[in-house]
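So you can see what is in the structure, the chains are spelled out below.
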Amino acid sequence: MVRSDGREVKVEGAREIRRLTKTSSRHRRQLSGAIEPLVSMLGFDDYNCNESALLALLNLAVKDERFEQDSDCGFGALGPLIDFLQSNNSNLQEYATAAILTLSASATNKPTITAAGAVPLLVNILRDGSSQAKDDSVRALYNLSTHSNNLQIILSVQPIPPIISLLKTRKKSSKIAEKCSALLESLLNFDEARTTLTSVEGGVLTVVEVLEDGSLQSREHAVGALLTMCESDRHRYREAILREGAIPGLLELTVQGTPKSQTKARMLLQLLRESHYTRSEFQVDTLENIVSNIVSQIDGEERCGKAKKMLAEMVQGSMERSLRHLQQRALVCTPTDLPLTNCTSEVPLK
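The shown structure was predicted, so the numbers you read here are calculated from the model rather than taken from an experiment.

A. Layout of the overall build of the protein. When you go through the protein residue by residue, the secondary structure sums to 22 helices and 0 strands. The buried share among the 350 residues of the protein stands at 50%. When the accessible area of the protein is evaluated, it comes to approximately 17,300 Å², of which 48% is carbon and sulfur surface.

B. Focus on the UniProt feature "repeat: ARM" (unreviewed entry) in the protein. Using the residue numbers shown here, the UniProt feature "repeat: ARM" (unreviewed entry) corresponds to residues 76-118 and 117-155. Across residues 117-155, helical content stands at 79% and strand content at 0%; the span's end C-alpha atoms are separated by 14 Å.

C. Seen up close, the packing of helix α16 (residues 216-232) against helix α17 (residues 234-243). Packing of α16 against α17 brings their axes to within 6 Å, and their N-to-C directions diverge by 140°. Considered as vectors, α16 and α17 are oriented oblique to each other. When α16 is examined against α17, the residues L226, M229, C230 and S232 are found in contact with a partner set consisting of R234, Y237, R238 and I241. Considered class by class, the residues forming the contact of α16 with α17 number 5 nonpolar, 1 polar and 2 charged.

D. Structural detail: the nonpolar core. L38, L81, L85, L187, L226 and L250 are the most contacted members of the largest nonpolar core, which totals 90 residues. Not counting residues within four places of it along the chain, the set of residues in contact with L187 comprises L151, I154, L155, P159, I160, I163 and A193.

E. Highlighting empty space enclosed by the protein. A full pass over the atoms with the stated rule returns 2 cavities of 30 Å³ or more. Every residue lining the second largest cavity is listed: L167, S181, L184, V207, V210, H221, A222 and A225. Within the residue set of the lining of the second largest cavity, elements represented by two or more residues are α13 (175-187), α15 (203-213) and α16. For the lining of the second largest cavity, the per-class residue count stands at 6 nonpolar, 2 polar and no charged.

F. The arrangement of the side chain of R28 in detail. Looking at the secondary structure, you find R28 in helix α2 (residues 25-30). Assessed through its relative accessible area of 17%, R28 is described here as buried. At a separation of 2.9 Å, a polar atom in the side chain of R28 contacts the main-chain carbonyl oxygen of T21. In this structure R28 touches T21, K22, T23, N59, L60 and V62, once residues within four positions along its chain are discounted.

G. Structural view of the confidence of the model for the protein. Per-residue confidence for the protein gives a mean pLDDT of 82, with 74% of residues at or over 70. Scored below 50 in pLDDT, residues 277-284 makes 9 contacts in the model with residues more than four places away or belonging to other chains. In this model, residues 333-350 is a region of pLDDT below 50 whose contacts with residues beyond four sequence positions or in other chains number 18 contacts.

H. Spatial organisation of the pattern of salt bridges. Taken as a whole and assessed by the stated rule, the structure comprises 9 salt bridges. Residue R139 pairs with D136 through a salt bridge whose shortest N-O separation is 3.2 Å. Of this pair, R139 and D136 both sit in helix α10 (residues 131-145), separated by 3 residues, roughly a single helical turn. Of the residues examined, R139 reaches a relative accessible area of 31% and is grouped as partly exposed. In this structure, R194 and D191 form a salt bridge, with 3.7 Å as the shortest nitrogen-oxygen distance.

I. Looking closely at the environment of R7. Mapped onto the secondary structure, R7 falls in helix α1 (residues 7-21). Relative accessible area serves as the criterion here: at 40%, R7 is assigned to the partly exposed category. In this structure the C-alpha to C-alpha distance between R7 and C49, which are 42 residues apart in sequence, comes to 7.5 Å. Beyond its immediate chain neighbours, meaning those up to four positions away, R7 contacts F44, D45, D46 and C49.

J. Molecular detail of unusual backbone geometry. If you check the backbone angles, Q158 has positive phi at about 55° while not being a glycine. Locating Q158 in the fold gives a position in the loop between α11 (151-155) and α12 (160-169). Taking the relative accessible area as the measure of exposure, Q158 reaches 35% and is therefore partly exposed.

K. Focus on helix α18 (residues 247-256). Burial analysis of α18 places 7 of its 10 residues in the buried class, the great majority of the element. For α18, every residue scored as buried is listed here: I247, P248, G249, L250, L251, L253 and T254.

L. Geometry of the environment of T102. By secondary structure assignment, the location of T102 is in helix α7 (residues 90-104). In this structure the C-alpha to C-alpha distance between T102 and N143, which are 41 residues apart in sequence, comes to 9.6 Å.

M. Quick peek at the side chain of K110. Tracing the sequence through the fold places K110 in helix α8 (residues 110-115). A polar atom in the side chain of K110 sits 2.9 Å from the backbone oxygen of S104. If near-sequence neighbours (up to four positions away) are discounted, K110 is found in contact with S104, A105, N143, L144, T146, H147 and N150.

What counts and what doesn't
Residues numbered from 1 in each chain as written. Predicted model: local features only at pLDDT ≥ 70, side-chain atom pairs only at ≥ 80, totals over all residues. Heavy atoms only, no water. Helix = DSSP H or I, 4+ residues; strand = E, 2+ residues; numbered from the N terminus. Buried < 20%, exposed > 50% of the residue type's maximum accessible area, 1.4 Å probe, protein only. Areas by Shrake-Rupley, 256 points an atom, 1.4 Å probe, with all protein chains shown as cover. UniProt positions renumbered as here; feature names shortened; annotations may be inferred. Axes fitted to C-alpha atoms, helices over the stretch in contact; angles between N-to-C directions. Parallel < 35°, antiparallel > 145°, perpendicular 65-115°, else oblique. Contact = heavy atoms within 4.5 Å. Nonpolar A, V, L, I, M, F, W, Y, C, P; charged D, E, K, R; others polar. Core = buried A, V, L, I, M, F, W, Y, C linked by side-chain atoms within 4.5 Å. 1 Å grid on protein atoms, 1.4 Å probe; cavity = no way out; pocket = protein on both sides within 12 Å on 5 of 7 lines; lining within 4 Å. Points joined across faces, edges and corners; volume = space filled by probe spheres on them. Polar contact = N/O pair within 3.5 Å; in protein donor to acceptor, adjacent residues only side chain to side chain. pLDDT = per-residue confidence, 0-100. Salt bridge = Lys/Arg side-chain N within 4 Å of Asp/Glu carboxyl O.

What follows is the structure, encoded as structure tokens:
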């Protein structure tokens, strides 16, 4: 039906394809040959044609590598999709953003999508689009950012404020928060992005909130973002990070984070202390001493009290673990005929 000459018949065929492929992977495989005629419908100056074709294509594109990796970037769909990103119709804009997201999953498409001018349009949608379009836009931008040449292009259209705005409104443990945090971590390798983040109201605070309440992956990106800032210019960013109360979240990450998060949290705690230490000096110091140094300088009773409480709990936990370790070694190393003094008593710092 979508190959017929009649426009109404094409629309009816596209709607039927959408219905059949909505939940059936078998139908998606059987109807994959309809992709090209559906793409041709995107060029019509007719809302019903455009909408029905887009919705059918989105269903067909699910796990269809032919659409993602076609050498013509979605069988020639990119041009019309770029036009729809600029549409005043929020539905067409939303569906086009979802289709761009699908295409951006392919490494071969990333430079093509960027060259077509999608990045500033995606950032505009991230700023002013519908809720779903914003989510798909930041996911598409993240996909595009993994191509090294695209990062500076994304940065050039001021994405930091809308990313922070979106992050403020989404649950910090959500998948969208993960993409926002990952994109921020990459962008903050550039001085322009770091300057913008600190100038956006609540920018650093929002990253700290992800550090505290995000998923394990989001927290890893958040601590990485803050560490990148502090490593780039410790004197410039140290106070901004401390002021937003990052210490409790960092302490928690040293115990409960991913291995990467734990390492990055310890490195950042080292940089946040009053005096700068080399890596070798940090290795022989205790985390308790480092945090004590930082806590003594924090302004604000609530943040200071919370950090001191966590520090006390951490020290207590360290003492308890050390005691258990000694008891276990005593049980292993002191049979009735072996003196306790022959047992090694060294306990590593935690």
